[in-house]
Amino acid sequence: MVFSGHVFSSEVIPRKDALDFNLCTRQHQSPSPKMAQGTDILQWTPPYASFIKINVDAAFVPNKGATGAIAQDHDGQFLGCETSTFDATSSLMAESFACKLGISLAKSLSLQHVIIEGDAKNVTSTILGDSRDIPWSIRSVILDIRNEANSLDNIRFIDVPKHVNQLAHNLCQYAMDENVTFRWNASYPPDCISSNLSFNLFFY
């Protein structure tokens, strides 16, 4: 089999299928006690002054995905957000599209120093990992993410616990429930996140 210029033997194909499966299921497994003890982030934190943080998340039901991306600066100020809905075959695919949406939002806001923060550790690891280990089901999306990331001066991908990513979760769930694909500017955040944005500003 030939895929993206690589030749795979019949023995490699089952291993790649297994990698797809493991990455999909890992996202829904509870963290091990060791991982839980190492989780010391209790709430959303602002980025360094020279960076903009874009939180991303995805929702998935059979055959449909939704993503949300929210940009905030070092003071917690809301800079804009975006949602998207699309056909999807797995939560892994949906979370990959969430990272891609984060870069799209960064480019639409003409940002150059960006942190993409989400709660899908498997996707973050895949973006930062070896190209040979990218699952087939999301290979084209991950390669697009890497290519688009190269157009920014400085971009970082990090993962956080789900409770830290609540704003992005609320946004993508709204997109899923209402089938909304839209971009909001800094002056008009959607109601589904506006109260939490006010909390961030108050806290910081």
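Every value quoted in this text rests on a predicted model; they were computed, and no experiment measured them. (Residues numbered from 1 in each chain as written. Predicted model: local features only at pLDDT ≥ 70, side-chain atom pairs only at ≥ 80, totals over all residues. Heavy atoms only, no water.)

Peer 1: Just to check I follow, could you spell out the overall build of the protein for this structure?
Peer 2: Scanning the protein for helices and strands turns up seven helices and eight strands. Each of the 204 residues in the protein was classed as buried or not, and the buried ones make up 46%. Within the protein, residue pairs in contact and separated by at least 24 positions form 72% of the contacts whose partners lie at least 6 positions apart. Accessible area for the protein stands at about 10700 Å²; split by element, carbon and sulfur atoms hold 54% of it. (Helix = DSSP H or I, 4+ residues; strand = E, 2+ residues; numbered from the N terminus. Buried < 20%, exposed > 50% of the residue type's maximum accessible area, 1.4 Å probe, protein only. Contact = heavy atoms within 4.5 Å. Areas by Shrake-Rupley, 256 points an atom, 1.4 Å probe, with all protein chains shown as cover.)

Peer 1: Before we go on, may I ask you to explain empty space enclosed by the protein in this structure?
Peer 2: Empty pockets left among the atoms are what a rolling probe the size of a water molecule brings to light. What the rule picks out here adds up to one cavity of 30 Å³ or more. As a volume, the largest cavity reaches approximately 60 Å³. Around the largest cavity, the lining residues are Val-56, Glu-95, Ala-98, Cys-99, Ile-116, Glu-117, Gly-118, Asp-119, Ala-120, Thr-124, Phe-157 and Ile-158. Of all the elements in the fold, those that place two or more residues in the lining of the largest cavity are helix H3 (91-108), strand E6 (113-118) and strand E7 (154-159). Here the residues of the lining of the largest cavity sort into seven nonpolar, two polar and three charged. (1 Å grid on protein atoms, 1.4 Å probe; cavity = no way out; pocket = protein on both sides within 12 Å on 5 of 7 lines; lining within 4 Å. Points joined across faces, edges and corners; volume = space filled by probe spheres on them. Nonpolar A, V, L, I, M, F, W, Y, C, P; charged D, E, K, R; others polar.)

Peer 1: Which parts of the structure should I look at to understand the confidence of the model for the protein?
Peer 2: Keep in mind that low pLDDT regions are not for reading the predicted coordinates in detail. Chain-level statistics for the protein give a pLDDT mean of 84 and a share of 76% at 70 or above. Scored below 50 in pLDDT, residues 1-16 shows 18 contacts in the model against residues more than four places distant or in partner chains. (pLDDT = per-residue confidence, 0-100.)

Peer 1: What is the right way to look at the sheet that holds E6 in this model?
Peer 2: Strand pairing in a sheet relies on backbone hydrogen bonds. The paired strands run either parallel or antiparallel. Pairing is mixed across the open sheet formed by six strands, whose spatial order is E7-E6-E3-E4-E5-E8. Taken across any chain shown, the strands that pair with only one partner, and hence form the sheet edges, are E7 and strand E8 (182-185). Put simply, the sheet's adjacent strands are angled 15° from each other on average, direction ignored. In the sheet, strand E3 (residues 52-61) pairs with strand E4 (residues 64-72) via nine bridges, with the strands oriented antiparallel. (Pairing = 2+ DSSP bridges. Axes fitted to C-alpha atoms, helices over the stretch in contact; angles between N-to-C directions.)

Peer 1: Teacher, can you tell me more about the packing of H3 against helix H4 (residues 121-128) here?
Peer 2: For any two helices packed against each other, one specifies the inter-axial angle together with the distance between the axes. Running from amino to carboxyl end, H3 crosses H4 at an angle of 60°, the nearest separation of the two axes being 9 Å. When the axes of H3 and H4 are compared, the crossing they make is right-handed. Across the interface between the two elements, Leu-92, Glu-95, Ser-96 and Cys-99 from H3 touch Asn-122, Val-123 and Ile-127 from H4. A class-by-class count of the residues in the contact of H3 with H4 yields four nonpolar, two polar and one charged. (Left-handed = near helix turned anticlockwise from the far one by under 90°.)

Peer 1: Explanation requested: the environment of Ile-134 in the structure shown.
Peer 2: Tracing the sequence through the fold places Ile-134 in the loop between H4 and helix H5 (139-149). Given a relative accessible area of 1%, Ile-134 falls into the buried group. Between the alpha carbons of Ile-134 and Val-123 there is a distance of 9.5 Å; along the sequence they are eleven residues apart.

Peer 1: Teacher, can you tell me more about helix H6 (residues 166-178) here?
Peer 2: Turn by turn, an α-helix covers 3.6 residues, leaving residues three or four places apart pointing in a common direction. The terminal C-alpha atoms of H6, which comprises 13 residues, lie 18 Å apart, in line with the 18 Å expected from a rise of 1.5 Å per residue. In the stretch just after H6, Asn-179 is the one whose phi turns positive, near 55°. (Expected span 1.5 Å × (residues − 1).)

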